Amino acid sequence: MRDAEIARRLRVNQSTVLRHLGPAGAQGQLLLQRDAAEPAPGMPRPPQPVPEAEPGREGTPEPGPAADAGRGAGGHGGGGSGDGAAAAGPGITGQVVSVCGRDAAARLRRPGRGRADPGRRGGQDLPGGVALLSAVSSCFALGEATLEQFKHLAAADAGPLAGLGALPDLRTIRPELADRTDPVAVQRLFASAMLAADPVLSGVYYVDDHFVPYAGAKPVAKGWNNKRGKAERGRADTLLAGHDGRAVCFVAGEPSGLAATLPKALAELTKAAGPGAQIMVGFDRGGAYAQVFRHCRDQQAHWVIYRRAPLAVPAMLPVITTITVGGKARQVTWAEETTDIKDYGQARQITLFEHGAVALQILTSDLDACPADILAWLKSR
């Protein structure tokens with residue numbers, strides 16, 4: 001194959017293909033190009049088509065150095081190597097494709113995105129913010145993880161998926177996202193809209209603290225890395241995810257405990273869930289601190305956690321209850337009692353029995369929820 005076809009199929013820049021092929025591969029590509037350009041003996045040379053501007057389309061770049069530089073090394077709209085200084089496509093001009101193309105693009109993406117598809121305006125120009133949102137969401141839908149990877153997409157081919165004639169280049173996207181956008185406000189609006197469209201009916205949100213190591217040159221505080229068993233430089237991310245696995249909000253900062261990071265994360269969750277929403281925060285065994293439980297109680301939020309080993313001997317007799325999980329009947333054997341937590345007070349203790357033995361014990365501040373449901377929530381996690 002030619003290097004341009006390889007780059008198109010792998011969705012990379014043409015110069016990347018040439019660099020990996022090496023000198024011998026590049027020489028072979030030159031021979032392929034020469035053979036493709038030269039006609040067979042005794043056959044007339046085919047006429048070369050003259051490119052013409054599409055009628056009725058505005059913003060078509062004029063031929064010249066600026067237009068040639070914007071096509072990238074591969075001639076298909078991809079950016080060059082490095083930090084993306086070469087243009088990956090034109091700017092956001094509001095140019096749209098046909099209605100059929102936009103409707104098809106909306107169906108190619110996730111079904112929910114069709115409700116916010118910008119191509120419902122009958123061929124009118126798109127506002128800059130709507131075009132930017134459509135372009136960025138389409139690039140992420142195509143599998144690109146960062147803005148820098150957008151330059152590897154063919155601007156002319158991926159543009160119709162966003163409802164545009166071509167994708168904007170990085171020099172257009174970067175200032176719009178970095179200089180005119182508040183990331184915290186965007187995350188808060190996204191979480192609120194997500195929970196409003198599909199709320200967490202159980203009200204259970206799991207919280208977890210993760211250490212992210214840092215290997216750069218900036219002075220960063222140290223924290224304990226459980227994976228390597230030693231103290232390293234890095235940051236701590238406190239993540240709150242819904243019972244169904246959707247990430248709702250997070251807080252990033254210097255390494256610390258949940259006692260310092262949970263108040264900020266719980267405040268963001270309360271704003272996203274809306275006033276009057278029932279919230280139960282689920283901890284793992286590492287978050288069993290009375291200070292954290294007291295903060296949840298002060299914020300009118302319930303909490304639930306596994307009990308650390310050794311498990312207590314239950315004082316109540318077990319009860320068998322049949323519940324429905326995922327449309328299937330399921331029997332749960334449990335026992336319920338009240339216990340005291342140091343520096344907190346009384347809490348509800350639920351014991352799960354399996355094969356006649358104690359398998360799991362849960363502590364919670366919710367005195368009214370069905371114990372079998374609570375056991376199903378945490379056991380499925």
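Everything that follows concerns the structure shown earlier in this document.
Predicted model only: the values in this text are computed from it and were never measured.

**A look at the overall build of the protein chain**
Helices and strands together make up the secondary structure of the protein chain, namely 11 helices and 10 strands. Taking all 381 residues of the protein chain together, 37% fall into the buried category. Long-range contacts, defined as pairs at least 24 residues apart, comprise 52% of the intrachain contacts of the protein chain with a sequence gap of at least 6.

**Some points on the packing of aromatic side chains**
Applying the stated criterion to the full structure yields 5 aromatic pairs. Between Phe140 and Phe150, the ring centres sit 5.3 Å apart and the planes meet at 70°, which makes this aromatic pair edge-to-face. Of this pair, Phe140 sits in helix H5 (residues 128-141) while Phe150 is found in the loop between H5 and helix H6 (155-158), placing the two residues 10 residues apart along the sequence. With a relative accessible area of 4%, Phe150 lands in the buried category. On the basis of an interplanar angle of 65° and a centroid distance of 6.0 Å, the ring pair of Phe283 and Phe293 is categorised as edge-to-face. Of this pair, Phe283 sits in strand S5 (residues 280-283) while Phe293 sits in helix H10 (residues 290-298); the two residues are 10 residues apart in sequence, bridging distant segments of the chain. Since its relative accessible area comes to 0%, Phe283 is described here as buried. Each residue in the set Phe283, Phe293, Trp303 and Tyr344 is aromatic and connected to the rest through ring pairs, giving one cluster.

**Quick look at the nonpolar core**
General note: in soluble globular proteins, nonpolar side chains tend to be found buried as a group. Among the nonpolar cores identified, the biggest contains 30 residues, and Tyr205, Val248, Leu269, Phe283 and Trp303 are the most heavily contacted of them. It is helix H9 (residues 258-273) that contributes the most residues to this core, 6 residues altogether. Excluding residues that lie within four positions of it along the chain, Leu269 makes contacts with Tyr205, Leu240, Val248, Cys249 and Ile279. Core analysis: the second largest hydrophobic core is formed by 19 residues, Val204, Tyr306, Ala372 and Leu375 among them.

**As for the environment of Leu10**
Along the chain, Leu10 falls in helix H1 (residues 3-10). Leu10 gets classed as exposed once you look at its relative accessible area, which sits at 57%. Placed 143 residues apart in sequence, Leu10 and Leu153 show a C-alpha to C-alpha distance of 9.8 Å.

**Things to note about the pattern of salt bridges**
Pairing between side chains becomes possible if they bear opposite charge and their charged atoms approach one another. Scanning all chains against the criterion turns up 12 salt bridges. The partner of Arg11 in a salt bridge is Glu144, with the nearest N and O atoms 4.0 Å apart. Of the two residues, Arg11 is situated in the loop between H1 and helix H2 (14-37) and Glu144 in the loop between H5 and H6; the sequence distance between them amounts to 133 residues. Among the residues examined, Arg11 registers a relative accessible area of 39% and is labelled partly exposed. Given the relative accessible area of 8%, Glu144 is considered buried. Arg235 serves as the salt-bridge partner of Asp237, at 3.0 Å between the closest nitrogen and oxygen. Overall, the relative accessible area of 41% leaves Arg235 in the partly exposed class. Taken together, the shared-partner salt bridges connect Glu5, Arg8 and Arg9 into one network.

**Description of the environment of Arg174**
Assignment of secondary structure puts Arg174 in helix H7 (residues 170-179). You can call Arg174 partly exposed: its relative accessible area is 28%. Taking the C-alpha atoms as reference points, Arg174 and Glu148, separated by 26 residues in sequence, lie 9.5 Å from one another. Side-chain polar atoms of Arg174 contact the side chain of Glu148, separated by 2.5 Å.

**Here we look at the pairing of S5**
Side-chain alternation along S5 places Met280 and Gly282 on one buried face and Val281 and Phe283 on a second face that is also buried. Relative to strand S6 (residues 302-306), S5 is paired through 4 bridges, and the arrangement is parallel. Bridged to Val281 within S6 is Trp303.

**So, H10**
When we look at burial in H10, the residues that qualify are Ala290, Val292, Phe293, His295 and Cys296. Check the buried side of H10 and you find it contacts H9, S5, S6 and strand S8 (328-341). Once H10 ends, the next one or two residues include Gln300, with phi positive near 60°.

**Side note on the side chain of Arg246**
With respect to the element layout, Arg246 can be found in the loop between strand S3 (230-242) and strand S4 (247-253). Of note is the side chain of Arg246, whose polar atom sits 2.6 Å from the backbone oxygen of Asp198. At a separation of 2.8 Å, a polar atom in the side chain of Arg246 contacts the side chain of Asp244. Once residues lying within four places of it in the same chain are set aside, the contact partners of Arg246 are Met194, Leu195, Asp198, Pro199, Val200, Leu240 and Ala241.

**Observations concerning unusual backbone geometry**
Apart from glycine, the bulk of residues carry a negative phi angle, and the bulk of peptide bonds sit in the trans form. Note the cis peptide between Ala309 and Pro310, where omega equals 0°. Note on placement: Pro310 falls in the loop between S6 and strand S7 (319-325). Of note, the phi angle at Asp343 is positive, near 65°, even though the residue is not glycine. Classification of Asp343 as exposed rests on a relative accessible area of 56%. For His355, which is not glycine, the phi torsion reads 55° and is therefore positive. Note that His355 resides in the loop between strand S9 (345-354) and strand S10 (357-364). Residue classification places His355 among the exposed positions, given a relative accessible area of 84%.

About the cut-offs
Residues numbered from 1 in each chain as written. Predicted model: local features only at pLDDT ≥ 70, side-chain atom pairs only at ≥ 80, totals over all residues. Heavy atoms only, no water. Helix = DSSP H or I, 4+ residues; strand = E, 2+ residues; numbered from the N terminus. Buried < 20%, exposed > 50% of the residue type's maximum accessible area, 1.4 Å probe, protein only. Contact = heavy atoms within 4.5 Å. Phe/Tyr/Trp six-rings, centres within 6.5 Å; stacked < 30°, edge-to-face > 60°. Core = buried A, V, L, I, M, F, W, Y, C linked by side-chain atoms within 4.5 Å. Salt bridge = Lys/Arg side-chain N within 4 Å of Asp/Glu carboxyl O. Polar contact = N/O pair within 3.5 Å; in protein donor to acceptor, adjacent residues only side chain to side chain. Pairing = 2+ DSSP bridges.

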